[in-house]
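# What the coordinates show
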There are 2 protein chains.
Amino acid sequence: MALAVDWELRLQLEGTSHDPMYRRVAQAIAVDIRCGRLPAGTVLPGTRRLAQTLGIHRNTALAAYRELAGEGFIDTRPGLGTFVVERQGTDEPTPLTAARHRVPRTAPYRLRTPSGALIRRRPHPPGTLVLSHLPAPSEVPGVALARAYRGALRRRADDVLDYAQRYDSGAPFGHPRLRRALAQMLARTRGLMATAEDVLVTTGSQMALYLVALALVEPGDVIAVEGLGYRPVWEAFRFAGAVVVPVGVDREGLCVEELRALTERTAVRAVYVTPHHQHPTGVTLTPPRRRALLELATAHDMAVIEDDYDCQFEYGGRTIRPLASIDPQGRVIYVGSLSKVLAPGLRIGYAVAPNSVLELMAERRCFIDRQGDHALACAVAEMIENGELRRHIGRLHATYRSRRDALAEALQSRLGGAIDFDVPEGGTAVWARVDTGIDVDRWHARAIEHGVVFEPGSSFSLSPGASAHARFGFAGLSVPQLQEAVRRLALALASAEG
Amino acid sequence: MALAVDWELRLQLEGTSHDPMYRRVAQAIAVDIRCGRLPAGTVLPGTRRLAQTLGIHRNTALAAYRELAGEGFIDTRPGLGTFVVERQGTDEPTPLTAARHRVPRTAPYRLRTPSGALIRRRPHPPGTLVLSHLPAPSEVPGVALARAYRGALRRRADDVLDYAQRYDSGAPFGHPRLRRALAQMLARTRGLMATAEDVLVTTGSQMALYLVALALVEPGDVIAVEGLGYRPVWEAFRFAGAVVVPVGVDREGLCVEELRALTERTAVRAVYVTPHHQHPTGVTLTPPRRRALLELATAHDMAVIEDDYDCQFEYGGRTIRPLASIDPQGRVIYVGSLSKVLAPGLRIGYAVAPNSVLELMAERRCFIDRQGDHALACAVAEMIENGELRRHIGRLHATYRSRRDALAEALQSRLGGAIDFDVPEGGTAVWARVDTGIDVDRWHARAIEHGVVFEPGSSFSLSPGASAHARFGFAGLSVPQLQEAVRRLALALASAEG
């Protein structure tokens, strides 16, 4: 005997007015069945009553029930009427129950306007030679990394996977194995007496710098930066509430006297420097400037954020030690990354600083993404421990040196009249002064048309406006490619000038 | 002929007063030599003059020079005096030049006080059974993931490594291959009609929720949340400037009428819900409540943040579709993660929302860490595309179902008098009401001593104070381990009560 259930007919019609009514009614009923509002066994009203209640034609109601029966949602038996069937199987959406709407492009509520910082760039056409300071895919130690990653995942020992599993209180600092490996690496290569406890592992140096700013800055605090630098870092500082103020850079690095003058006008919370190879000019902050900077920082109670960008590739043979290694007070926060020696896409950065700073950074990291990828961390630690990373850097080093030489020669030969540069002692790019009669941005645009990309100086300047400089990276191209790239640069220049 | 250079004797003594003076003087000179302040060939003052200038004993000066000569920094020749030697070789720190100071524990400048959110927990002793809702290491599909990762790194095709290399304007959204794979997965399993363009990949759902809050919230905006929930998410909302206000949860999920009352008292910017399996109670937001919530959100122009936490494990056979799939306006921001099906340490989360929201989220992501790990993204995409992930979920599903049954039986049998619970229809934990005469927090502490860990209800409550609830996860332990865990819980309870 059938039970006639008093089913409250309140259907929310799906679809749009372009869809046939029978289909919209069928969908609405299917949705209610699927979400449990109409459980299996529920007796549905007859087509006449359905049509009456909904204000539709009886044929429409019939067609709706036919659709539902066809997809196995309902069944009709003599004497029982039409009832909801028990559905077995998966939750695969059926044509009726799949959401009929796409995700709209705009949300209905108010939103702030995008800042436009996310520059949508069309991809370069195939065959474009990019004079990048970053390694090319062929440089990534993929085989070694994959092997180390597999090893990290396979080790059943708690210290790899179990740690990777649990939201541990130490997790925001990074996996202890990688913290330890990085500390040892930094002691060996940069003379920093750090232990694992002094290291925080982050998703690239970008995150490390963002966390540093979050830890140090009250809204409106001033962070002084080199006037030529890396825009995404300034944005992170601003995003953390800081006011970013540029200080000049000359052939000895940051102009400390200019910074001194700034400190006499306003309180400066921190100064951000790239003292090993200034980004992008490549100059090394000289020893007198280093002492003066640390003395000034002490006198005005400033933090010093040292980004040891690009410390792995040194061609001259003599490496200068980082500020952090001559800083017994703990005023320097040391930041670095493995982006240049692994791949920028692999996101391993680190900070070395007094624990009171790391603690604040880790707290904030917890809110942001809780922790990094610990399997990758163990894989990278493996590569540091077994010397694989050092060997890889050694090979890269030799490769980069010859590329540097080839690029310098080609630039001198084909563009010697238009540009002027010092052959860099380290790093992976040439920073060149461009003849003031040349419009660098126009050259840059014309170069893209000619199939070569370089970085115009204006992209590194905190102050807006044109710049009479250009950067040509050599990490991403082979020697023949570099020669071809310079040939195209020369063509593009002639075309821009003509 | 020797040149006597007028060397400004301004040494910064290294080390501490515990180190012998001759050593501190030697170190200071070595540092100046190493950092280039005293270049090769510089003639140093004689020991008498050095002693006089520094105010030390002449023997001390002699000992200092002996130390420096011993390490090859200086040399003495008759008629030439003592001079700095050209040093060959690496930058390996020598005993003299290695930074003599460790990284201090505290920074010298002012810092705000840590919030204490980073709870330092001592690791549990080996053998402790943790009733976790997260998969154990043995559950992680390590072999498949390692294979997919190797495949992702080896493919020379630009779409994997090259993309991973460049800071591309699309990079903050995640690798397009994973965006596409996730969109297809969500269409298939959750009925969301999303395409790759509608998906943003993040470092876990934590980052997705943090970015959502950053995109939506002006300081002081209210986000309404379920009064029982996940603390790190509330902290992320607060950190983004929101005021977090709790709304009650009952057996039908979020109390929408209570939310309605709130909207009459104050403007509410967004409401955060876990409608599929409420975290932690496990209840599903009923269909009438779902409609009411969406209607209320429309009436008050609120955003709805749907965290589809725990949607992959359903034992009852009937899955309810997400709010986002019945939301043609685009009011719902849908967030999920693969933490429960891969490993929480592998950090793959995602958001599906109108592009105007994703754009704001991606902009902020850019400042925070620029992009995620694209090699991992491709590996995970591979596992989605080749069905490996689905097979893995299927295996887990069967495992979890039997673990659920075993845990429920053991709890009923040994603790039936003290606790009361519904066998969960989905997810990986049992949410139990505890007899009000029992102090749950004391039971929790005693349980740790007995070698078993569960989650007391108080850890999920936005309002402080004790809670008469407990959560027992079953994802991380085998059936025998679960039975043993419950045995220990019973012992601990008896001990806590006695």
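Whatever comes next refers back to the structure up there.
Keep in mind that this is a model prediction, so the values were computed, not measured.

### Observations regarding the overall build of chain A
- Within chain A, the secondary structure is distributed over 15 helices and 18 strands.
- Residues counted as buried form 61% of the 498 residues belonging to chain A.
- Taking all contacts inside chain A whose residues are at least 6 apart in sequence as the whole, residues at least 24 apart take part in 71%.
- Carbon and sulfur atoms form 52% of the exposed surface of chain A, whose accessible area is close to 19,300 Å².

### Quick notes on the sheet that holds strand β12 (residues 332-337) of chain A
Residues and elements named next belong to chain A.
- In space, the 7 strands of this open sheet follow the order β5-β13-β12-β11-β10-β6-β7, with mixed pairing throughout. If you trace the sheet from one side to the other, it starts and ends with β5 (199-202) and β7 (243-247), each paired once. With strand direction ignored, the average angle separating the axes of adjacent strands in the sheet is 20 degrees.
- Judged from the 4 bridges that link them, β12 and strand β13 (residues 349-352) form a sheet pairing that is antiparallel. Of the residues in β13, the one forming a bridge with Ser337 is Gly349.
- Relative to the sheet, helix α7 (residues 204-216) contacts β5, β10 (270-273), β11 (303-307), β12 and β13, its axis offset from that of β12 by approximately 160 degrees.
- Here helix α11 (residues 355-368) sits on the sheet and contacts β5, β12 and β13; the angle it forms with β5, its principal contact strand, is near 25 degrees.

### Digging into the pattern of salt bridges
- For the coordinates displayed, the defined rule picks out 46 salt bridges over all chains.
- Where Glu382(A) meets Arg177(A), a salt bridge forms, and the shortest distance between an N and an O atom there is 2.7 Å. One end of the pair, Glu382(A), is in helix α12 (residues 374-385); the other, Arg177(A), is in helix α6 (residues 176-190), and 205 residues separate them in sequence.
- You can call Glu382(A) partly exposed: its relative accessible area is 28%.
- Classification of Arg177(A) as buried rests on a relative accessible area of 6%.
- Arg112(B) is the partner of Glu218(A) in a salt bridge, and the nearest nitrogen-oxygen pair spans 3.2 Å. Of this pair, Glu218(A) sits in the loop between α7 and β6 (222-226) while Arg112(B) sits in the loop between β3 (81-84) and β4 (129-130), which puts the two residues in different chains.
- The class of Glu218(A) is partly exposed, set by a relative accessible area of 35%.
- Via salt bridges that share partners, Arg147(A), Glu388(A) and Arg391(A) belong to a single interconnected network.

### Observations concerning the packing of aromatic side chains
- Considering all chains together, one arrives at 17 aromatic pairs over all chains under this definition.
- Ring geometry for Phe237(A) versus Tyr272(A): centroids 5.4 Å apart, planes at 85 degrees, classification edge-to-face. Remark: Tyr272(A) occurs in strand β10 and Phe237(A) occurs in helix α8 (residues 231-239); sequence separation between them is 35 residues. Take Phe237(A) and Tyr272(A): they sit in the same class, and that class is buried.
- Geometrically, the ring pair formed by Trp431(B) and Phe460(B) is edge-to-face, given 5.8 Å between the ring centres and 75 degrees between the ring planes. A residue pair is termed long-range when its members are at least 10 positions apart, and Trp431(B) in strand β15 (residues 429-434) and Phe460(B) in the loop between β17 (455-456) and β18 (469-473) qualify at 29 residues.
- Judged by its relative accessible area of 8%, Trp431(B) falls in the buried class.
- Here Phe460(B) falls in the buried class, since its relative accessible area comes to 4%.
- Through a chain of ring-to-ring contacts, the aromatic side chains of Tyr210(A), Phe239(A) and Phe367(B) assemble into a single cluster.

### Thoughts on a negative patch on the surface
- Together, Asp435(A), Asp439(A), Asp441(A) and Glu497(A) make up a negatively charged patch on the protein surface.
- Inspection of the secondary structure assignment puts Glu497(A) in helix α15 (residues 479-497).

### A word on the relation of the copies chain B and chain A
- Relative to chain A, chain B is turned by 179 degrees and slid 0.3 Å along the rotation axis, the superposed coordinates differing by an RMSD of 0.5 Å. Here the symmetry operator amounts to a two-fold rotation axis. Within chain B, Ala146(B) has its C-alpha nearest the rotation axis, a separation of 3.8 Å.
- Comparing contact sets, 98% of the residues at the interface of chain B also lie at the interface in chain A, consistent with an isologous, same-surface contact.

### Points about the interface of chain B and chain A
- Taken together, the contacts link 134 residues of chain B with 134 residues of chain A.
- In terms of surface lost to chain A, no three residues of chain B exceed Tyr109(B), Arg112(B) and Phe367(B), which account for 7% of the buried area on that side.
- Across the contact surface, chain B and chain A share 2 salt bridges.
- Counting across the chain B and chain A interface gives 24 residue pairs in polar contact (both at pLDDT 80 or more).
- In terms of residue count, the dominant contributor to the side of chain B that touches chain A is helix α11 (residues 355-368) of chain B (11 residues).
- Among the residues forming the side of chain B that touches chain A, the class breakdown is 65 nonpolar, 31 polar and 38 charged.

What counts, and where the lines are drawn
Residues numbered from 1 in each chain as written. Chains lettered and ligands numbered in written order. Predicted model: local features only at pLDDT ≥ 70, side-chain atom pairs only at ≥ 80, totals over all residues. Heavy atoms only, no water. Helix = DSSP H or I, 4+ residues; strand = E, 2+ residues; numbered from the N terminus. Buried < 20%, exposed > 50% of the residue type's maximum accessible area, 1.4 Å probe, protein only. Contact = heavy atoms within 4.5 Å. Areas by Shrake-Rupley, 256 points an atom, 1.4 Å probe, with all protein chains shown as cover. Pairing = 2+ DSSP bridges. Axes fitted to C-alpha atoms, helices over the stretch in contact; angles between N-to-C directions. Salt bridge = Lys/Arg side-chain N within 4 Å of Asp/Glu carboxyl O. Phe/Tyr/Trp six-rings, centres within 6.5 Å; stacked < 30°, edge-to-face > 60°. Patch = residues over 30% accessible without salt bridge, like charges linked within 9 Å, V, L, I, M, F, W, Y side chains within 5 Å. Lys, Arg positive; Asp, Glu negative; His and termini not counted. Charge placed at Lys NZ, Arg CZ, Asp CG, Glu CD. Least-squares fit on C-alpha atoms with pLDDT ≥ 70 in both. Buried area = accessible area lost by both parts, 1.4 Å probe. Polar contact = N/O pair within 3.5 Å; in protein donor to acceptor, adjacent residues only side chain to side chain. Nonpolar A, V, L, I, M, F, W, Y, C, P; charged D, E, K, R; others polar.

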